[in-house]
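Residue-level structure breakdown
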There are 4 protein chains.
Amino acid sequence: MSRIDKKQAILDTALTLFVSQGFYATSTASIAKQAGVATGTLFHHFASKEALMNHLYISIKQEFADGIQSQISQKGDLEKDAQHLWQVAINWAMANPLKQEFFQQYSMSPSIASQVRQQAMNSILGFMGELIHQGQKAGVLADYPLPLMLESCHGQYLAATRYFLDNPESWKDETYKQSSFAMFWNAMKT
Amino acid sequence: MSRIDKKQAILDTALTLFVSQGFYATSTASIAKQAGVATGTLFHHFASKEALMNHLYISIKQEFADGIQSQISQKGDLEKDAQHLWQVAINWAMANPLKQEFFQQYSMSPSIASQVRQQAMNSILGFMGELIHQGQKAGVLADYPLPLMLESCHGQYLAATRYFLDNPESWKDETYKQSSFAMFWNAMKT
Amino acid sequence: MSRIDKKQAILDTALTLFVSQGFYATSTASIAKQAGVATGTLFHHFASKEALMNHLYISIKQEFADGIQSQISQKGDLEKDAQHLWQVAINWAMANPLKQEFFQQYSMSPSIASQVRQQAMNSILGFMGELIHQGQKAGVLADYPLPLMLESCHGQYLAATRYFLDNPESWKDETYKQSSFAMFWNAMKT
Amino acid sequence: MSRIDKKQAILDTALTLFVSQGFYATSTASIAKQAGVATGTLFHHFASKEALMNHLYISIKQEFADGIQSQISQKGDLEKDAQHLWQVAINWAMANPLKQEFFQQYSMSPSIASQVRQQAMNSILGFMGELIHQGQKAGVLADYPLPLMLESCHGQYLAATRYFLDNPESWKDETYKQSSFAMFWNAMKT
DNA sequence: AATGAATGAGCATTCATTCAT
DNA sequence: AATGAATGAATGCTCATTCAT
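Residues numbered from 1 in each chain as written. Chains lettered and ligands numbered in written order. Predicted model: local features only at pLDDT ≥ 70, side-chain atom pairs only at ≥ 80, totals over all residues. Heavy atoms only, no water.

The subject of this paragraph is the overall build of chain A. Regarding its fold elements, chain A presents nine helices and zero strands. From first element to last, N terminus to C terminus, chain A shows the α and β order α-α-α-α-α-α-α-α-α. The principal-axis extents of the C-alpha atoms in chain A amount to approximately 60 × 35 × 30 Å. Here chain A holds 190 residues, and the buried ones make up 52% of them. For chain A, contacts bridging at least 24 residues in sequence account for 69% of all contacts bridging at least 6. Split by element, the accessible area of chain A, about 8,900 Å² in all, is 52% carbon and sulfur. Between the averaged position of the 15 positive side-chain charges in chain A and that of its 16 negative side-chain charges there is a distance of 7 Å. (Helix = DSSP H or I, 4+ residues; strand = E, 2+ residues; numbered from the N terminus. Buried < 20%, exposed > 50% of the residue type's maximum accessible area, 1.4 Å probe, protein only. Contact = heavy atoms within 4.5 Å. Areas by Shrake-Rupley, 256 points an atom, 1.4 Å probe, with all protein chains shown as cover. Lys, Arg positive; Asp, Glu negative; His and termini not counted. Charge placed at Lys NZ, Arg CZ, Asp CG, Glu CD.)

Our focus in this paragraph is the side chain of Ser170 of chain C. Looking at the secondary structure, you find Ser170 of chain C in the loop between α8 (146-166) and α9 (174-188). Those residues in contact with Ser170 of chain C that lie beyond four places of it in its chain are Tyr163, Phe164 and Tyr176 of chain C.

This paragraph deals with the pattern of salt bridges. For the coordinates displayed, the defined rule picks out eight salt bridges over all chains. A salt bridge links Glu151 of chain A to Arg162 of chain B, with the shortest nitrogen-to-oxygen separation between them at 3.1 Å. Here the residue Glu151 of chain A occupies a position in helix α8 (residues 146-166), and Arg162 of chain B occupies one in helix α8 (residues 146-166), the pair thus bridging two chains. Note on Glu151 of chain A: relative accessible area 19%, which makes it buried. Among the ionic pairs, Glu63 of chain C bridges to Lys99 of chain C, the shortest N-O distance being 2.7 Å. Note that Glu63 of chain C is positioned in helix α4 (residues 49-69) and Lys99 of chain C in helix α6 (residues 97-106), a separation of 36 residues in sequence. Accessibility expressed as a relative area gives 33% for Glu63 of chain C, which makes it partly exposed. (Salt bridge = Lys/Arg side-chain N within 4 Å of Asp/Glu carboxyl O.)

The next thing to look at is the relation of the copies chain D and chain C. When chain D is fitted to chain C, the residual RMSD is 0.1 Å, and the transformation amounts to a turn of 180° plus an axial shift of 0.0 Å. Taken together, the rotation and translation relating the two chain copies correspond to the operation of a two-fold axis. When the interface residues of chain D are mapped onto chain C, 100% of them again fall at the interface, so both copies present the same face. (Least-squares fit on C-alpha atoms with pLDDT ≥ 70 in both.)

Moving on, we come to the nonpolar core. Grouped together as the largest cluster of nonpolar side chains are 124 residues, with contacts concentrated most on Phe18 and Phe102 of chain C together with Phe18, Phe102 and Phe164 of chain D. Val19, Ala93 and Tyr157 of chain A together with Phe18 of chain B belong to the second largest nonpolar core, which has 122 residues in total. (Core = buried A, V, L, I, M, F, W, Y, C linked by side-chain atoms within 4.5 Å.)

Okay, the interface of chain B and chain A next. Tallying the contact residues gives 28 residues for chain B and 28 residues for chain A. Taken over both partners, the interface formed by chain B and chain A buries close to 2,900 Å², and the fraction arising from carbon and sulfur atoms is 71%. For the chain B face of the interface with chain A, the top three residues by lost area are Met108, Leu148 and Met183 of chain B, together amounting to 23%. Along the contact surface separating chain B from chain A lie two salt bridges. Taken together, chain B and chain A are joined by six residue pairs in polar contact (both at pLDDT 80 or more). Of all the secondary-structure elements, those providing two or more residues to the side of chain B that touches chain A are α6 (97-106), α8 and α9 (174-188) of chain B. Top contributing element to the side of chain B that touches chain A by residue count: α8 of chain B, with twelve residues. Each residue belonging to the side of chain B that touches chain A can be placed in one class, and the counts come to 15 nonpolar, eleven polar and two charged. (Buried area = accessible area lost by both parts, 1.4 Å probe. Polar contact = N/O pair within 3.5 Å; in protein donor to acceptor, adjacent residues only side chain to side chain. Nonpolar A, V, L, I, M, F, W, Y, C, P; charged D, E, K, R; others polar.)

Residues and elements named next belong to chain A. Entries for chain A in the domain assignment read domain 1 (1-46) and domain 2 (54-188). A C-alpha centroid distance of 28 Å is found between domain 1 and domain 2. Each side of the interface is counted separately: domain 1 has eleven residues, and domain 2 has ten residues. Between domain 1 and domain 2, a total of about 900 Å² is buried, with carbon and sulfur atoms accounting for 77% of that surface. By the criterion of area lost to domain 2, the three top residues of domain 1 are Leu11, Leu15 and Val19, representing 57% of everything that side buries. Where domain 1 touches domain 2, the interface holds zero salt bridges. On inspection of domain 1 and its partner domain 2, the count reaches three residue pairs in polar contact (both at pLDDT 80 or more). Residue composition of the side of domain 1 that touches domain 2, by class: eight nonpolar, two polar and one charged. (Domains from an automatic or database assignment.)

Attention now goes to the protein's contact with DNA strand E. Around DNA strand E sit 30 residues, and of these Lys49 of chain A, Thr41 of chain B, Thr41 and His45 of chain C together with Thr28 of chain D come closest. Of everything in DNA strand E that lies within 4 Å of the protein, sugar and phosphate atoms constitute 63%. One nitrogen or oxygen atom from the side chain of Lys6 of chain C is found 2.9 Å from a phosphate oxygen belonging to DNA strand E. Within the backbone of Ala38 of chain C, an N or O atom sits 3.3 Å from a phosphate oxygen of DNA strand E. Those elements giving two or more residues to the surface near DNA strand E turn out to be α1 (3-21) and α3 (39-45) of chain B together with α1 (3-21) and α3 (39-45) of chain C. Along the lines of polarity and charge, the residues of the surface near DNA strand E split into six nonpolar, 18 polar and six charged. (Near = heavy atom within 4 Å.)

Nothing in chain A touches chain D; the tightest C-alpha to C-alpha distance between them is still 13 Å. Without any contact between them, chain B and chain D keep their closest C-alpha atoms 29 Å apart.

As annotated by UniProt and renumbered to match this structure, "DNA-binding region" (unreviewed entry) occupies residues 27-46 of chain A. Here residues 27-46 of chain A runs as 75% helix and 0% strand, with 14 Å between its end C-alpha atoms. (UniProt positions renumbered as here; feature names shortened; annotations may be inferred.)

This part takes up the UniProt feature "domain: HTH tetR-type" (unreviewed entry) in chain A. As recorded in UniProt, the sites labelled "domain: HTH tetR-type" (unreviewed entry) are residues 4-64 of chain A. Spanning residues 4-64 of chain A, this segment combines 80% helix with 0% strand, and its end C-alpha atoms are found 21 Å apart.

Here we take up the protein's contact with DNA strand F. Near DNA strand F, the surroundings consist of 31 residues, among which Thr41 and His45 of chain A, Thr28 of chain B, Lys49 of chain C together with Thr41 of chain D are the closest. Close to the protein, within 4 Å, the atoms of DNA strand F are drawn from sugar and phosphate at a rate of 65%. Among the secondary structure elements, those contributing two or more residues to the surface near DNA strand F are α1 (3-21) and α3 (39-45) of chain A, α2 (28-35) of chain B together with α1 (3-21) and α3 (39-45) of chain D. Counted by class, the surface near DNA strand F contains seven nonpolar, 18 polar and six charged residues.

Below, the structure is given as structure tokens:
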């Protein structure tokens, strides 16, 4: 196993254990053991348990942002574009249940320094903020205060993925799929 | 200080410290010290640190449910009733910022046994479920799947309180107040 | 074993182990084990290993200062008084070999914060400084710079006790006893 | 940088760090890093951290002995010769403050195997012992037991250098210079 | 009921040393 | 010779919990 493999094995194992047991209930020793490396190796790659957590948080957020932005399409019809975006985003969650669960748990937890959380959030909200702003200028989205709308988007996304992760078969059911988007879209539209 | 005062002092202190430092970063010794009791006393009132946490969680959820239900009014106009409910609920959060923050942090955290979380959730969702069901029968609310709507309600409420707790002055601004309800209502209505 | 006994047992054991193995080679676990208490107990009485060391250092220095000063006699003949003092001081070292060895090892070591060392030193040097000053006014001691004389006294005392602790039978031999004092006294006298 | 340069860089860095931070507080990694070599390189040149320390101790002691012996003069007047020796020895300490500080710290510390310490000590004490013996035969030095005198010499030298290293400007002051020698010489002379 | 000293398992982290490259 | 990633035993310290008073 090469260096990079070891580092990745540590990250993968940490993600699994943090999600299934929680940050504090997961010992660095157990991460190292399950990752197949020595305890020292974990600290060779990450300065501390907290640094490992932060790295995990930021890199997964980035992975999400990259995954979404690469699939965006802007065809002019804002509602269609939004629906596409909504499906892409939930698809990502369904394809990465562990990572999505990670966010559900740690987005509000004190295990992550709020500074790190802010930083990760901004990179994504910047992009969403821009989309909403365009929708408002086009008269398609309501003129609510932007920060409130962003928070609402985030809340609805978390709620929807929470539901679909707990009931994965519903995501294949067009009724559920359409309903979840309808609630999201109606909340924002003019 | 009587027995009951001591028990209450422990609960109050635990709430403050759990919110400001997190569950794991708060030692039982520090709770006892700040509450002005001996370490042993905490364990006379609560079998374990976890039991203290669960007690806190359930009693606050109950307090919330009682606070809301006592102020409900059903005057026949469902939208007006919903708006009143929305304001009452957010008012509660604004009046009890520590308790609301507590939910934001621990609603998804593994610090609370999922069993306890479910139990607390059901008592509130049962009530909300009934309201939604009535709205659908009256043709005012859309016929989306109920569990999805419940999750969405919860998500929107968390998002709105998150925003208003971070920006308390906005809650006095009618624009923000109306906007937050509008998003909530439009998401659910026919 | 009462509380105080436990604390004392920890101090006694720490002294023995620090002297025989050195500060860093002595684990807190080994101190606790040999003292017959739990690891936690050590940290209940001392905030850290370093705090234990400092406590040990200061209390032994104090014990030494008290032991000496209680036996001082000032009969007017400065040389006789000095000889008495010299014997009392070396007797203390011979009666407390562990504690004396402790000073030999740690008086110059970075294991003790220099601040703590200074503080302990001052309490003793203040007393010696006064004696030397009186001897100089009486014309019996040479007018060398005071700090240099203090350092020399200390150095000679450490050298003499080093020798006598390594060769305890020599301290019963009048030739050695007289010689050690002669060197000390001749160095200082007019 | 050649092999020898690297080895020397390691020794120089180790000296600096051992003196400023202590033996145990200095990691081999930090020595290697500051010396500009890889961690493994340190272990190519020295079998262990302890071996590095011993090498340092012995080579500095040798350097000191060589430096002194090369400047000895024996002109027949024992007091003049002794004064010259005293000045040469203290000059060495003032010119090599780091190395002198190293001895102050480690001469009594368990960081150095007592075997190594003895070995280094003997080479110097043999030479001093011979000088004292000659002085006694000539009737200039007092007939105290030799080992006691050697220990006293060593103690006075450590005391004097301790003072002058802490107050370097005093070494340029003839009063201090003369006083320090006077105390040393009076202690030993007939 | 209340106390707080005592407990000891458990944890994050360090660091001298090794060895494949 | 030189490198530096990897190792894992060892350490100082924490903290929920107990129990004699």
